[in-house]
Amino acid sequence: MMNDRLRAVSGQIIAVGAALLMGAVIILMVGESPARVFMTLLRGAFGDQEKIAGTLLQTTPILICGVAACIGLRGGMFNVGIEGQLFLGGFAAAWVGFAMPLPAGIHTLAALALAVVAGAAWVAIPAYFRARYNTNEVVSTILSNYVAVLLTSYFTIFLFKRPGGWSETPPILPTSYLPEIFTFSRLNWGLVIGLVLAVGAALVFRYTKWGYGVTMVGSAPKFAEYGGVNVKRQGFMVLLLSGAVGGLAGGVETLGVHHRFMEGFAPGFGFDGLIAALLANGSPVATIFTALFFGALRNGSLLLEVDTSASREIITVIQALIILSVSAQVLVRKRGDSQAGERRWKF
Amino acid sequence: MEILDRLVNVALIAATLRTTAPILLVALGGSFTTKAGIFNIGLEGQMLVGAFFAVLGSIWTGSALAGVACGVAAALVFALVFAVLVVSFKANEVVVGLALNILAGGMTISLMKAIFGTRGSIVGHGIVGLPKVQLPGARNLLGSWAPLISGFTPLVYVAFIAVPLLVLCYNRTRLGLYIRVVGEKPEAAEALGISITRVRYTASLLCGLLAGLAGAHLSLGYITMFTENMSSGRGFMAVAILIFSNGDPLKVLAGCLLFGFADAFSLRLQTFGYPSYLVLTVPYVVALIALFALSYRARPRVIAETLESMRKLLSVDKNAEPGGKNPQ
């Protein structure tokens, strides 16, 4: 048991190493020194306490989105629409934040609650069709991302634009802020929410009947059906829950960091979360570490654009290479079975 | 009704054909992988690198044709990586496809910054666009309807000619037959000695070829520029079409015309002063509605028919295959 887990972890680490090597080659091609780029990334991510706080700040939305993705992956669902749920959740929270004066504390909770509802509502239609008619959820959730981003831009610019401002809503009222943890950084309680969610999700999967059913449906749907699990209903619930957490990520980002909703406010966090969850092989606790890794890459990349000629998108390249090399690991698993055999990603 | 007249006219239909072309090319590419039993979510990325390298090639060589070749070559590399991971290593198609899409997005922006020192878009720099083909005699033949067949860039014609070619390929050629059998009944293909690996590689590369052309059309067709993520979901719309058409070229054409129309229509609505953000959602919403509306039907599977025709084809040059004589 332990040996298996050790082997799985070391496999992921080797895969990450291989991806970093390939990333180095690409950095060379782009005309930079890989050593300089990696050192700058490291310095930008962990250079001093403000940098570390910044890394944790970037980690927060990736972690929450990662937990959202884990919930889906455990139940055999690819929720690729976390990005869209994040945007709608972010907008919904901002709307409660600036349009609905409430006492402090309650205001924050109300805004987060609406973010959760918005995220779940946005995934509800794809989830329904996935559960009822087996409509491919990958494609429907990806397409709904584009609609969500455009829709929130429309709300922001045509309905709630701050007079004389950029493409952004009015600022939210201070009563709705997520409080900050330290004085020197905008790092806020969102990180704690993320950690609690990750551990909570892990406990639910490990110790509750429902969580066991989800994992069973994700790994062996036929078996689960014979075992008396209502597979369709559960698939719907899994996607809905995943979307709710995705919406929450947007709410946390709005209430904790930006204090308003702006066009394109958190690009890529949804996808980063999905990648973090894939790298963690669907385990919420492992996602804490992969999200931290990607948060560090993101925060380090800010310095990258200042200190080197490389673009910060180079970290996107590295992330993609990591997932590709992790997915290629099947190479070391088993060989020699029938070519016609089913391909499967193990969770 | 007057508004409708101003909205729907020859120009709109011509625009529809234009906007249909790139999505048709990439969807036809995906038709090969779909028929071969591979769910290829990586179309978007193949198209995007195709668009970027087409611009790069066009600048370097000063020739649009060489640009198209560069775009296709880049898309083929992506398709090859996809095939190696998915076919040989049996990695999850969705994971690999998504990763390649993300890679394409990050790589094109990084390269743009490294080569041109800018982000956002590449305009000018001597990009040579594709010429427009004026068919001689179109005006005499069709009068004011001539823009429906003449004045498009070459890849538009390639896209529409590819539809009947693919129909022929699937129904009349050995390769097409092999692709279908591998997709529909891999066990049977294996039993009959068809190399599933080779067929799936071929399908993936053919897909890359067409996706590269689609990308080249995006960046060298009507606008000669490259913008960050300029494929903007067309690859995913193509995947949606492939799901409900099951990769059949004629149904793919019908789906693509629908999206081409939605695209052209939304562009036109914008000129009428409707909020651009809402108008731009139209193609995606249409894609989603079509996906939901059509997916409740079970996908038809013509295994028996395929096996029958394959047995005929094989018995031409080989003695009758004993393995195929046991229809369940």
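Residues numbered from 1 in each chain as written. Chains lettered and ligands numbered in written order. Predicted model: local features only at pLDDT ≥ 70, side-chain atom pairs only at ≥ 80, totals over all residues. Heavy atoms only, no water.

A. Molecular detail of the overall build of chain B. Regarding its fold elements, chain B presents 15 helices and 2 strands. Counting over 328 residues, chain B shows a buried share of 55%. For chain B, the share of sequence-separated contacts (at least 6 apart) that also reach a separation of at least 24 residues comes to 77%. For chain B, the accessible surface area stands at approximately 13400 Å², while carbon and sulfur atoms represent 66% of it. (Helix = DSSP H or I, 4+ residues; strand = E, 2+ residues; numbered from the N terminus. Buried < 20%, exposed > 50% of the residue type's maximum accessible area, 1.4 Å probe, protein only. Contact = heavy atoms within 4.5 Å. Areas by Shrake-Rupley, 256 points an atom, 1.4 Å probe, with all protein chains shown as cover.)

B. Up close: the interface of chain A and chain B. In this complex, chain A contributes 51 residues to the contact, which on the side of chain B involves 55 residues. Between chain A and chain B the total buried area reaches about 4800 Å² when both faces are included, carbon and sulfur atoms providing 75% of it. Between arginine 119 of chain B and glutamate 305 of chain A there is a salt bridge, with the nearest N and O atoms lying 3.5 Å from each other. Put simply, chain A and chain B have 4 residue pairs in polar contact (both at pLDDT 80 or more) between them. The set of elements that each furnish at least two residues to the side of chain A that touches chain B consists of helix H5 (106-133), helix H6 (137-159), helix H11 (269-279) and helix H13 (314-327) of chain A. Here the side of chain A that touches chain B takes 14 residues from H6 of chain A, the largest share from any one element. Here the residues of the side of chain A that touches chain B are counted per class, giving 33 nonpolar, 11 polar and 7 charged. (Buried area = accessible area lost by both parts, 1.4 Å probe. Salt bridge = Lys/Arg side-chain N within 4 Å of Asp/Glu carboxyl O. Polar contact = N/O pair within 3.5 Å; in protein donor to acceptor, adjacent residues only side chain to side chain. Nonpolar A, V, L, I, M, F, W, Y, C, P; charged D, E, K, R; others polar.)

C. Representation of the pattern of salt bridges. Per the counting criterion, the structure on display carries 13 salt bridges over all chains. Measuring nitrogen to oxygen at the nearest pair gives 3.5 Å for the salt bridge that ties arginine 36 of chain A to glutamate 32 of chain A. Two residues, aspartate 307 of chain A and arginine 43 of chain A, come together in a salt bridge whose shortest N-O distance is 3.2 Å. Of this pair, aspartate 307 of chain A sits in helix H12 (residues 284-307) while arginine 43 of chain A sits in helix H2 (residues 34-46); the two residues are 264 residues apart in sequence, bridging distant segments of the chain. Several salt bridges share partner residues, and in doing so they unite Glu305, Arg312 and Glu313 of chain A together with Arg119 and Glu228 of chain B into one network.

D. Spatial organisation of the packing of aromatic side chains. Applying the stated rule across the entire model yields 21 aromatic pairs over all chains. A ring pair is formed by phenylalanine 91 of chain A and phenylalanine 155 of chain A, whose centres lie 5.2 Å apart and whose planes are at 35°; its orientation type is tilted. Of this pair, phenylalanine 91 of chain A sits in helix H4 (residues 82-99) while phenylalanine 155 of chain A sits in helix H6, placing them 64 residues apart in sequence. Among the aromatic residues, those joined into a ring-pair cluster are Phe87, Phe91, Phe98, Tyr154, Phe155, Phe158, Phe160, Phe261 and Phe265 of chain A together with Tyr277 of chain B. Sitting over the face of the ring of phenylalanine 269 of chain A, arginine 298 of chain A holds its NZ or CZ atom 4.0 Å from the ring centroid. (Phe/Tyr/Trp six-rings, centres within 6.5 Å; stacked < 30°, edge-to-face > 60°. Lys NZ or Arg CZ within 6 Å of the ring centre and 35° of its normal.)

E. Representation of the nonpolar core in the model. Judged by nonpolar contacts, the single largest core of 179 residues is most densely connected at Leu143 of chain A together with Ile122 and Phe226 of chain B. If one sorts the elements of this core by residue count, helix H5 (residues 93-116) of chain B sits on top with 13 residues. (Core = buried A, V, L, I, M, F, W, Y, C linked by side-chain atoms within 4.5 Å.)

F. Geometry of the environment of leucine 130 of chain B. Residues and elements named next belong to chain B. Locating leucine 130 in the fold gives a position in the loop between strand S1 (121-123) and helix H6 (138-142). By relative accessible area, leucine 130 is classed as buried at 12%. Considered as a pair, leucine 130 and alanine 159 are 29 residues apart in the sequence and their alpha carbons are 15 Å apart. Excluding residues within four positions of it along the chain, leucine 130 makes contact with Ala64, Val68, Thr153, Pro154, Leu155, Leu220 and Gly221.

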